[in-house]
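For reference, the chains in residue letters:
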Amino acid sequence: MAMNKVRINSDVELKDRLVAINRVTKVTKGGRTFTFAAIVVVGDGNGIIGWGLGKAGEVTAAIAKGVEAAKKNLVQVPVLKGTVPHEAAAKFGGAQVLIMPASTGTGVVAGGAMRAVLESVGVTDCLAKSKGSSNPHNLVKATIAALCEMRDAYTVAGTRGISMNKVFILIVAIVLSPFIR
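Reference entry: report on the structure contained in this document. (Residues numbered from 1 in each chain as written. Predicted model: local features only at pLDDT ≥ 70, side-chain atom pairs only at ≥ 80, totals over all residues. Heavy atoms only, no water.)

Bringing the overall build of the chain into the picture now. When helices and strands are tallied, the chain shows five helices and eight strands. Helices and strands appear in the chain in the N-to-C order β-β-β-α-β-β-β-β-α-β-α-α-α. Burial status across the chain gives 36% buried among its 181 residues. For the chain, the exposed area adds up to about 10700 Å²; of that, 56% sits on carbon and sulfur atoms. (Helix = DSSP H or I, 4+ residues; strand = E, 2+ residues; numbered from the N terminus. Buried < 20%, exposed > 50% of the residue type's maximum accessible area, 1.4 Å probe, protein only. Areas by Shrake-Rupley, 256 points an atom, 1.4 Å probe, with all protein chains shown as cover.)

Next up, the structure:
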């Protein structure tokens, strides 16, 4: 995940998306004190994504703090033709996520927190399933972890030190091997 870290310039337009707001009550001798915690996702719609948590006495201040925290926590993930390059699964806390590529026109088939992350990163077609905890904090972190595990063919070729043609020949050979016998 550390390899995907991204620094942004001021010219990159990041769109923020609110995932969840939690009202926290602290009971003191003088009465109840309410504070708000907001988890926010920011993305450019072209492969850059980040999440942040903001806590404040008012909702708008919590969202603003969350956006600032998210801008400090950006990662680059591969998005190919509006979908993810391959299947990926990840776990964070009690939340487990599975993200699969889908054909054009499918749309983002995902729930709540996962949908916010996938749409912010620029994915327009994919299938996703969450298992275990539905806590939005853990779902956002697990979804971003799954996206960070993804590698496109160019990255694989560079890591292995082979040409793109050999990568695709290997992929075709693996896919067709059960039928060639």
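What follows continues from the structure just given.
Further remarks concern helix 1 (residues 59–71). With 13 residues, helix 1 should reach 18 Å at 1.5 Å per residue; the first-to-last C-alpha distance of 19 Å fits that figure. Residues Ala-62, Gly-66, Val-67 and Ala-70 constitute the buried set of helix 1. Each buried residue of helix 1 lies within a common arc of 140° when the element is viewed along its axis, so the set occupies one face. Buried residues along helix 1 sit against strand 1 (15–28), strand 2 (31–43), strand 3 (48–56) and strand 4 (74–76). (Expected span 1.5 Å × (residues − 1). Arc of directions from axis to C-beta. Contact = heavy atoms within 4.5 Å.)

Bridge count for strand 2 against strand 3 is eight bridges, and the pairing is antiparallel. By the bridge assignment for strand 3, Val-42 is matched with Gly-50. Connecting strand 2 to the next strand, strand 3, in antiparallel fashion are four residues, including Gly-45 with a positive phi near 75°. Relative to strand 4, strand 3 runs antiparallel, the two sharing three bridges. Paired with Ile-49 across the bridge in strand 4 is Val-75. (Pairing = 2+ DSSP bridges.)

Before going further, it helps to examine unusual backbone geometry. Here Lys-81, not a glycine, exhibits a phi torsion of approximately 55°, which is positive. With respect to the helices and strands, the residue Lys-81 is situated in the loop between strand 4 and strand 5 (88–92). Its relative accessible area of 82% is what places Lys-81 among the exposed residues.

So, on to the pattern of salt bridges. Tallying each qualifying case throughout the model produces two salt bridges. In this structure, the salt-bridge partner of Arg-17 is Glu-119, at a minimum N-O distance of 2.4 Å. With Arg-17 in strand 1 and Glu-119 in helix 2 (residues 112–121), this residue pair connects regions lying 102 residues apart in the sequence. Given a relative accessible area of 32%, Arg-17 falls into the partly exposed group. Accessibility expressed as a relative area gives 32% for Glu-119, which makes it partly exposed. With a closest N to O distance of 3.2 Å, Arg-115 and Glu-119 form a salt bridge. Note that Arg-115 and Glu-119 are positioned in helix 2 at a spacing of four residues, about one turn of the helix. Judged by relative accessible area, Arg-115 falls into the partly exposed class, the value being 29%. The network of salt bridges with common partners includes Arg-17, Arg-115 and Glu-119. (Salt bridge = Lys/Arg side-chain N within 4 Å of Asp/Glu carboxyl O.)

These values are about where atoms sit, not about what they do.
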